[in-house]
Amino acid sequence: MIGNFIKLAIRHMIRQRSYIFINIVGLAIGLACSILITLFVLHEFNYDKFNEHKNEIYRMVIRGKIGATELEAAWTCTPLGPTMVEELPEVLNTVRFDKWGETVIKYKDKSFVEDGFMLVDSTFFEIFSIPLIQGNPKNILTAPRTLVLTKSTAKKIFGNEDPIGKLLKVGTDTIYYSITGVMEDVPESAHFEFNMLGSFITNERANDGFWISNSYDTYVLLTKDVDIEALQEKINTMVIKYVGPQVEKFMGINLEQFAEAGNYYGYHLQPLLDIHLNHRIDHQHKPSNDKRYIYIFSVIAILILVIAGINYMNLATARSAGRAKEVGIRKVVGSSRGLLIWQFLFESVFLTIISLIFAVLIVELILPKFNQIIQIQLSLNYLDNWYIIPGLLVLGFLLAIMAGSYPAFFLSSFRPVAVLSGSLKAGIKSGHLRSILVVFQMATSILIILGTLIVYKQINYMINKDLGFNEEQLLVLRRVGALGNQQITFIDEVKKLTGVISGSHSTAVPGHPNNNNGYGIEGQSSDQTYLMQTFWVDDDFSETFEMEVSEGRFLSQDFASDSIACLINQSALNQFGIEDLYNTTFLQPADREGNFIRLKVIGIMKDFHYQSLHDRIYPAILIMKPENMRWGFITFRLSPENIELTVVQIEKLWREFTENDPMVYFYMEEDFKMQYQEDRRTGILSLIFSILAILIASLGLFGLTSFTVEQRTKEIGIRKVNGASVRTIIFLLLKEIAILVGISTLIAWAAAYIFMKGWLQNFYFRISLSPVEFLISLLIVLAITWLTISYRSFKAAKTNPAQALKYE
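It should be emphasised that the depicted structure is a prediction, and the values quoted were computed from it without experimental measurement.

Asks: Got a minute to help me understand the packing of helix α15 (residues 487-495) against helix α18 (residues 643-657) in this structure?
Replies: In helix packing, the relevant descriptors are the interaxial angle and the interaxial distance, both defined with respect to the helix axes. Look at α15 against α18: their axes get within 10 Å of each other, and the N-to-C directions meet at 150 degrees. If you check the angle between α15 and α18, you find them roughly antiparallel. In terms of crossing hand, the pair formed by α15 and α18 is right-handed. Where α15 abuts α18, its residues T489, F490, E493 and V494 lie against I650, L653, W654 and F657. Per-class residue counts for the contact of α15 with α18 are six nonpolar, one polar and one charged.

And the structure:
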């Protein structure tokens, strides 16, 4: 039976090769899209699953509200983890991370800038499943200034030498660090990345008992099947026990009064497997993605497959008149309806298998470029992952059944009498279901196109919006602590270069805020606390960034009192309801004894974006940086001429001031755009799949147009004999499709308005939906539709009427 089915399928494919070709191309593209999206989705959901205890590892997250400002971030205090292990039996172990960022590592006369340097507790290897190649996991990283290197880093620094026991100079530390272990490289699917680990005990605050300063990551390993809600209650009780007294010491109120004022403060458990796809929580590791994007692309994959399947259904039912006589004769000679159904389903499966082979070839060809575009590494590891080959076969089988079931039941239902008498033909031509399916195809394609247009418009808006400062020609230097006490001298020397306009030293720069602190206002109740992003800056900061002071003046070394003065941004002024600006003094915690520094307001900064446009501009305060505060960033505004030469000159000066240390820097304009990398990737993926969806739908339109022309050949001939022009004939053929496009457009517009309006809510600063994008999507579809069907229509209209009247 299978052999006969194969023969019949091949015979049918040869007879209808043009339509079969259209089907194979459409199905192959649809399957290729679905394979790519499936690989992407699996990649995103596979994060951190390499860990043996993946279901028992949790990250601690601080959630709080101070004044009108809320925060949710993976920052914790030093004693949190050790206290949890000591007091909560559900907590088996804990590890803390202190991420340093770019760190200069020196070995003999060689220097390396390592972006992934972290201090961690010695328990790291007991919690995370990254194997040690050399070293004892029981006593590794237990002593200060000890290191574990990844295999590739050890190879880079030492070549084939044994690294154990070797000494490295780390950053500006004058004491050398000893290498005690080598580990496998961090898996690409980990939410963190590093190439070198130091012992957390090296940190002078490792045994700190201060609960209201949050600077580190804390992960905990819990017992299996733990009651998370009950454990969270215990954590809340622990916060009251330890945080409460310190809040009362510094603010003069207890936690109950703190809460009554509308504030809250606490630590919460976040599952390890939730980290990568939870973009709401701020943290210092790989950027988290929005889970909703994954769902959106999953839906797009399904829709593209459905569009490809509809092509098959449309063309199969449209060509049914050509197979009606075959069905009638086979039924007359004794073939059952069930056998015919199996034959047509087999043809569908056979065709889909061929399409699947082409789809896999397409994926293999374009995957390297696709990876480059979306900046992740996807691969079809047929043998490494047992589910790949079965998954591909199941995908193909499901598509075959979905696309082939209706044609199979439709074709097998023909009655021999109706077929052989010729009365079936008129009914086949009506095609109401085909029209509905075409509307669905076109509506889906328009929806994807319109969504892509809106995504790109929003991204373009974010990239080009006025940020409240001039981000162009700003060179930002990291690791400025390497200059020691020579920072002012270095800035002065660099400013002498002809290509440098100005320079400034600050603890934070736009795009890299790092201190969210609580302040009081003199004269107000002690339970009123105001959370503000803190920038310690020098008096050249506003000039270098070309920021605007909307009221008052900026900080200046000419006024000795400016050492205890401040500016706040417009958001702080509005949110805090400050009316008497120049009689307002902020109270900044000075030490752990409950003392404060009084900061008198001398001006208002026009709001500037120090975070991405996903978020609103929160209150910020700018304070004069003390000379002994040597960390942060140095920023230079460069002349647009010969920027590369200027950077080389700055780097030369840097090496002179830092004993030949590498200079680590970035350009502010490029760095700020990097915040929208995920949004850009969404836009690129949407564009790719919208093009492919339109291509598949266009193939279906071309096939249906060809069939319609064949069915109406004699009608066209009669109309031409009666004087119809070529334009009239083309209009006649286009009219039906145009009506379907119009219906599709209205459906797609309504759906896009609902979905895209919801998507834009993710951005505090966003575009408004306008008719322009909707009209552009219609014009694009009309143009593609015209190009798709005009050739076949024009050819039919130009056919000699004598030939047309001989047809059929």
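Asks: Would you explain the nonpolar core in this entry?
Replies: For soluble globular proteins, nonpolar side chains are generally found buried alongside one another. If you look at the biggest cluster of nonpolar residues, it comprises 104 residues, and the most contacted ones within it are I35, F469, F535 and M668. When residues of this core are assigned to their parent elements, the largest contribution, 13 residues, is made by helix α2 (residues 17-45). Contact partners of F469, with chain neighbours within four places excluded, come to L474, P510, F545, E546, M547, F608, H609, M668 and F672. In this structure, I62, M84, L231 and L531 belong to the second largest nonpolar core, which totals 27 residues.

Asks: I'm lost on the packing of helix α3 (residues 80-87) against helix α6 (residues 228-251) in this one. Help?
Replies: Running from amino to carboxyl end, α3 crosses α6 at an angle of 115 degrees, the nearest separation of the two axes being 12 Å. Two packed elements cross with a definite hand, and for α3 against α6 that hand is right-handed. When α3 is examined against α6, the residues L80, T83, M84 and E87 are found in contact with a partner set consisting of I235, M238, K241 and Y242. Of the residues assigned to the contact of α3 with α6, the class counts are five nonpolar, one polar and two charged.

Asks: What exactly am I supposed to notice about unusual backbone geometry here?
Replies: Negative phi values dominate among residues other than glycine, just as trans dominates among peptide bonds. In this model, L141 sits at a positive phi of 60 degrees, which is unusual for a non-glycine residue. With respect to the secondary-structure elements, L141 resides in the loop between β5 (132-134) and β6 (146-150).

Asks: Would you mind showing me how to read α3 here?
Replies: For an α-helix the count is 3.6 residues per turn, leaving residues at separations of three or four pointing the same way. Where α3 is concerned, the buried positions are L80, G81, T83 and M84. Down the axis of α3, the buried side of the element spans an arc of 165 degrees, and every buried residue falls inside it. Buried positions along α3 lie against β1 (57-66), β3 (91-107), β10 (217-222), α6 and β11 (264-271).

Asks: Help me understand the packing of aromatic side chains, please; the structure alone is not making it clear to me.
Replies: Considering all chains together, one arrives at 34 aromatic pairs under this definition. Ring geometry for Y530 and F576: centres 4.5 Å apart, planes at 55 degrees, overall tilted. Taken as a pair, Y530 in strand β15 (residues 530-537) and F576 in helix α17 (residues 570-576) lie far apart in primary sequence, 46 residues in all. The pair formed by Y530 and F576 is uniform in burial state, with each residue classed as buried. Judged by centre distance (6.5 Å) and plane angle (65 degrees), the ring pair of W536 and W631 falls under edge-to-face. Taken together, the positions of W536 in strand β15 and W631 in the loop between β20 (620-624) and β21 (633-638) put the pair 95 residues apart, joining distant regions of the chain. Classification of W536 by relative accessible area gives buried; the value is 12%. A relative accessible area of 39% places W631 in the partly exposed class. Each residue in the set F97, F124, F125, F128, F192, F194 and Y219 is aromatic and connected to the rest through ring pairs, giving one cluster. If you follow K465 out to its NZ or CZ, it ends over the ring of F765, 4.9 Å from the centre. Against the face of F559 rests R553, its NZ or CZ located 3.9 Å from the ring centre.

Asks: Whenever I open this one, the environment of I388 confuses me. Can you help?
Replies: Looking at the secondary structure, you find I388 in helix α11 (residues 388-412). Residue I388 is classed as buried on the basis of its relative accessible area of 7%. With 349 residues separating them in the primary sequence, I388 and L39 have C-alpha atoms 9.7 Å apart. Discounting chain neighbours no more than four positions away, the residues touching I388 are L380, N381 and Y382.

Calculation criteria
- Residues numbered from 1 in each chain as written.
- Predicted model: local features only at pLDDT ≥ 70, side-chain atom pairs only at ≥ 80, totals over all residues.
- Heavy atoms only, no water.
- Axes fitted to C-alpha atoms, helices over the stretch in contact; angles between N-to-C directions.
- Helix = DSSP H or I, 4+ residues; strand = E, 2+ residues; numbered from the N terminus.
- Parallel < 35°, antiparallel > 145°, perpendicular 65-115°, else oblique.
- Left-handed = near helix turned anticlockwise from the far one by under 90°.
- Contact = heavy atoms within 4.5 Å.
- Nonpolar A, V, L, I, M, F, W, Y, C, P; charged D, E, K, R; others polar.
- Core = buried A, V, L, I, M, F, W, Y, C linked by side-chain atoms within 4.5 Å.
- Buried < 20%, exposed > 50% of the residue type's maximum accessible area, 1.4 Å probe, protein only.
- Arc of directions from axis to C-beta.
- Phe/Tyr/Trp six-rings, centres within 6.5 Å; stacked < 30°, edge-to-face > 60°.
- Lys NZ or Arg CZ within 6 Å of the ring centre and 35° of its normal.

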